[in-house]
Amino acid sequence: MMEKRKPKQVGSKKEPEFLYHYTDQRGLLGILESKQLWATHYRYLNDTSEGQIVARLLAEELKGRGDTEAIEQLTGIRLPKDKLQCSDEGVISQGKRILSEITSHEVYTTSFSEQGNLLSQWRAYSGLSSGYSIGFSSKYLKTIGAQFIKNFSGRYYSHDNPLIRCQYFNVDVEKQLKEKIKKVVDLYIATAEEIKRTLPYTERIGCNTPAGIALNHFREFSRECAITKDYAFHEECEWRLVLHQFVEDVFFRQGSSMLIPYLKIPLTCPEQRLEIKRIFIGPCPNPTEARMSVEMLLKKQGIYGVDVKDSMIPYRSL
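Residues numbered from 1 in each chain as written. Predicted model: local features only at pLDDT ≥ 70, side-chain atom pairs only at ≥ 80, totals over all residues. Heavy atoms only, no water.

Peer 1: Quick rundown of the overall build of the protein? Include the residues and the values.
Peer 2: Within the protein, the secondary structure is distributed over ten helices and twelve strands. Looking at the 318 residues of the protein, the share that counts as buried comes to 45%. Partitioning the intrachain contacts of the protein with sequence separation of at least 6 by distance along the chain shows that 82% fall at a separation of at least 24. If you sum the accessible surface of the protein, you get close to 17900 Å²; carbon and sulfur atoms cover 52% of it. (Helix = DSSP H or I, 4+ residues; strand = E, 2+ residues; numbered from the N terminus. Buried < 20%, exposed > 50% of the residue type's maximum accessible area, 1.4 Å probe, protein only. Contact = heavy atoms within 4.5 Å. Areas by Shrake-Rupley, 256 points an atom, 1.4 Å probe, with all protein chains shown as cover.)

Peer 1: Any chance you could break down the packing of helix H1 (residues 25–34) against helix H10 (residues 287–300) for me, citing the residues and the numbers?
Peer 2: Two numbers describe how H1 lies on H10: the axes approach to 10 Å, and their chain directions differ by 20°. As the angle between them shows, H1 and H10 are arranged roughly parallel. With respect to the hand of their crossing, H1 and H10 are arranged in right-handed fashion. Every residue of H10 that contacts H1 at Leu28, Leu29, Leu32 and Glu33 is listed here: Val294, Leu297 and Leu298. Here the contact of H1 with H10 is built from residues that sort into six nonpolar, no polar and one charged. (Axes fitted to C-alpha atoms, helices over the stretch in contact; angles between N-to-C directions. Parallel < 35°, antiparallel > 145°, perpendicular 65-115°, else oblique. Left-handed = near helix turned anticlockwise from the far one by under 90°. Nonpolar A, V, L, I, M, F, W, Y, C, P; charged D, E, K, R; others polar.)

Peer 1: Can you lay out unusual backbone geometry for me, pointing to particular residues and giving the numbers?
Peer 2: For Cys237, which is not glycine, the phi torsion reads 45° and is therefore positive. The topology assignment puts Cys237 in the loop between strand S7 (228–230) and strand S8 (238–244). We note that Met312 has phi near 70°; this positive angle belongs to a residue other than glycine. Given the relative accessible area of 71%, Met312 is considered exposed.

Peer 1: Describe the layout of surface pockets, with residues and values.
Peer 2: Approximately 1400 Å³ is the volume found for the largest pocket. Forming the boundary of the largest pocket are 39 residues, of which His21, Tyr22, Thr40, Tyr125 and Arg253 lie nearest the centre. Going through the elements one at a time, strand S1 (18–24), H1, strand S2 (36–41), strand S3 (107–113), helix H5 (119–125), S8, strand S9 (251–254) and strand S10 (259–266) are the ones with two or more residues in the lining of the largest pocket. Of the residues in the lining of the largest pocket, the class split is twelve nonpolar, 17 polar and ten charged. (1 Å grid on protein atoms, 1.4 Å probe; cavity = no way out; pocket = protein on both sides within 12 Å on 5 of 7 lines; lining within 4 Å. Points joined across faces, edges and corners; volume = space filled by probe spheres on them.)

Peer 1: Which residues make up the pattern of salt bridges, and what are the values?
Peer 2: If you walk through the whole model with that rule in mind, you get 13 salt bridges. A salt bridge links Glu220 to Lys180; the shortest N-O distance between them is 3.2 Å. Of this pair, Glu220 sits in the loop between helix H8 (210–218) and helix H9 (221–227) while Lys180 is found in helix H7 (residues 171–198), placing the two residues 40 residues apart along the sequence. The exposure class of Glu220 is partly exposed, given its relative accessible area of 32%. Lys180 gets classed as partly exposed once you look at its relative accessible area, which sits at 28%. The salt bridge partner of Asp186 is Lys182, with a shortest N-O separation of 3.1 Å. Residue Asp186 and its partner Lys182 are located together in helix H7, separated by four residues, close to a single helical turn. (Salt bridge = Lys/Arg side-chain N within 4 Å of Asp/Glu carboxyl O.)

Peer 1: For the nonpolar core, give the residues involved together with the corresponding values.
Peer 2: Grouped together as the largest cluster of nonpolar side chains are 36 residues, with contacts concentrated most on Ile265, Ile276, Ile279, Val294 and Leu298. Top element by residues in this core is helix H6 (residues 138–151). It accounts for five residues. Residues contacting Ile279, with those up to four places away along its chain left out, are Leu28, Tyr132, Ser133, Ile134, Val294, Leu298, Val306, Asp307, Val308 and Lys309. In terms of nonpolar packing, the next biggest core, distinct from the first, is built from 34 residues, Leu62, Ile92, Val184 and Ala211 among them. (Core = buried A, V, L, I, M, F, W, Y, C linked by side-chain atoms within 4.5 Å.)

Peer 1: Talk me through the side chain of Asp47; I want residue IDs and the actual numbers.
Peer 2: Relative to the helices and strands, Asp47 is located in the loop between S2 and helix H2 (52–63). Overall, the relative accessible area of 4% leaves Asp47 in the buried class. Within the structure, the side chain of Asp47 is placed 2.7 Å from the side chain of Ser49, a separation counted as a polar contact. Contact partners of Asp47, with chain neighbours within four places excluded, come to Lys229, Asp230 and Phe233. (Polar contact = N/O pair within 3.5 Å; in protein donor to acceptor, adjacent residues only side chain to side chain.)

Peer 1: Provide a residue-level description of the packing of aromatic side chains, including the pertinent values.
Peer 2: Per the counting criterion, the structure on display carries eight aromatic pairs. With 6.2 Å between their ring centres and 25° between their planes, Tyr22 and Tyr125 make a pair best called stacked. Residue Tyr22 is located in strand S1, and its partner Tyr125 is located in helix H5; the two are separated by 103 residues in the primary sequence. Accessibility expressed as a relative area gives 34% for Tyr125, which makes it partly exposed. Seen from their ring centres, Phe112 and Phe136 are 6.2 Å apart, and the 85° between their planes marks the pair as edge-to-face. Here the residue Phe112 occupies a position in strand S3, and Phe136 occupies one in strand S4 (residues 131–137), the gap between them amounting to 24 residues. A relative accessible area of 0% means that Phe136 is categorised as buried. Grouping aromatic residues by their ring pairs yields a cluster made of Tyr22, Trp122 and Tyr125. Lys264 extends its terminal NZ or CZ atom over the ring of Phe251, reaching a point 4.2 Å from the ring centre. Above the face of the Phe18 ring, Arg278 is positioned so that its terminal group lies 5.5 Å from the ring centre. (Phe/Tyr/Trp six-rings, centres within 6.5 Å; stacked < 30°, edge-to-face > 60°. Lys NZ or Arg CZ within 6 Å of the ring centre and 35° of its normal.)

Structural data, given as structure tokens:
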């Protein structure tokens, strides 16, 4: 029998020099003319499991931390003894409530691929016309993301580096996530029970309540939710600008079945001009003319030094 191999992570472990944003004709025109990228709310992307993988693991871990004896008597199942159990239902319920809030945060993402000339992406974006992949330097994208966070007027929770490599859910990622979640839940329960045991009731406010402690310990998983994808998407080798924003400056566009919330990310600022390193033109019936029109558009917008290349993949939409 052939040995069954575990699906592996793909893409660079290190940050690549260039990352590519796939789009269609309308998207290319919009990006070059407005000098903006759109970051879509992660619940409205084409992966229906977005945000749910990590949230499910967290919910399962908290669910198993209640009164051990009562659960075993009710179900007849012996629970593992390597986890810190909690007899205070208030601690568990507050943890669940905060978890629900965190995993439904207003998280917006813009997607990029390490691969600028990928057949599966051309199939998704070319359709009956040309698709394009716009190549940016990773350093530039980090600067743009950091500048957006700095200038944003609303409330947000953010990481120091908004440009993050996606991880694709396999057995190794599941094991790592479960170990991390177990440690964080252990720490949350121990801290919350210690506060309730030692701190007078009148002083249990803000960060010294179970809800405040849960928020402090669990909010990092909002980031994990935004970058953990089903393994079926692994070929995309995706990186994301991840922005944890609230709704003050949100916009909406028309989708195929619903309105899609998104943010506008400026690609220029007083300290930063628009930088595009390369544009791949997807498979199309007239590649020479398609390349010429892109070069004319770049010149009109005052964008120079861009390497415009044909895909050369022999694909056509019938």
